[in-house]
Amino acid sequence: PKDVRYLKFQAARILERRGDLGSALSAYEALWAGAEHDEYAARAVYRAGRILLDGYGDEAGALRVFERLVMSRPDRAVADRAVIDMLALLDRKGQKREALMLLDRLYQGVGHTSMGDNLLYLMAARLLETGDFQRAQLAYNKILMFHSGTGLADNARWHLAELSAHDGDLQAALVHLKLLA
């Protein structure tokens, strides 16, 4: 079964490389529709999103497929790539607000998973870019409250120290910095 799923995925990739995008989409969908939502199924959904985006120019369809992947399989490596691809697409279109709304929606759905701290960190960085320091600070605090054992907790604490210093609260900045030591 796992060997068969691997072969089915590879057959779909061959169809895609040959330019038979409709058949490749159908093959990828069949992998996803199967009972096993393993790595091959997740990769199939990701490839389907790429075909919609690159092959057909269907940005809305690609966003829906990528979001479906992230919401259903946030534990798969391709889910991270799907988030990056969605943000890159929205960035190219100049849709900063939509990108923030997407990150918030994804966090609401999968924030309890290992992807949660990454979503908050991306959100905080984008909020900083827009000058919304208060909401960025909230996102960094959420990382510390709900994802304190992750690798991004120290980064969040560093940014909180910077934001505190920026606000003139040097005491809070020192507290954050001492907790890093």
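The following refers to the structure shown. (Residues numbered from 1 in each chain as written. Predicted model: local features only at pLDDT ≥ 70, side-chain atom pairs only at ≥ 80, totals over all residues. Heavy atoms only, no water.)

**Quick look at the environment of Ala-173**
By the secondary structure assignment, Ala-173 is in helix α10 (residues 170-180). A residue is classified by how much of its surface remains accessible, and Ala-173, at 6% relative accessible area, is buried. Expressed as a C-alpha distance, the spacing of Ala-173 and Ala-161, which sit 12 residues apart in the sequence, is 4.1 Å. Leave out the neighbours within four places in its chain, and Ala-173 touches Ala-161, Ser-164 and Ala-165. (Helix = DSSP H or I, 4+ residues; strand = E, 2+ residues; numbered from the N terminus. Buried < 20%, exposed > 50% of the residue type's maximum accessible area, 1.4 Å probe, protein only. Contact = heavy atoms within 4.5 Å.)

**Focus on helix α8 (residues 133-146)**
Quick reminder: α-helices carry 3.6 residues per turn. Residues three or four places apart thus point the same way. Taking 1.5 Å as the rise per residue, α8 with 14 residues should run 20 Å; its terminal C-alpha atoms sit 20 Å apart, in good agreement. Every buried residue belonging to α8 is among Ala-136, Ala-139, Tyr-140, Ile-143 and Leu-144, and all of these are buried. One face of α8 carries all of its buried residues, which in axial projection span an arc of 145°. Opposite its buried face, α8 presents the exposed residues Gln-134, Leu-138, Met-145 and Phe-146, each directed more than 90 degrees away. Against α7 (116-130) and α9 (152-166) lie the buried residues of α8. (Expected span 1.5 Å × (residues − 1). Arc of directions from axis to C-beta.)

**Some thoughts on empty space enclosed by the protein**
In total, this model carries one cavity of 30 Å³ or more according to the counting rule given. Quantified by volume, the largest cavity comes out at close to 40 Å³. Taken together, Lys-96, Ala-99, Leu-100, Arg-126, Glu-129 and Thr-130 make up the full set of residues lining the largest cavity. When contributions to the lining of the largest cavity are tallied by element, the ones reaching two or more residues are α6 (96-110) and α7. When its residues are assigned to classes, the lining of the largest cavity shows two nonpolar, one polar and three charged. (1 Å grid on protein atoms, 1.4 Å probe; cavity = no way out; pocket = protein on both sides within 12 Å on 5 of 7 lines; lining within 4 Å. Points joined across faces, edges and corners; volume = space filled by probe spheres on them. Nonpolar A, V, L, I, M, F, W, Y, C, P; charged D, E, K, R; others polar.)

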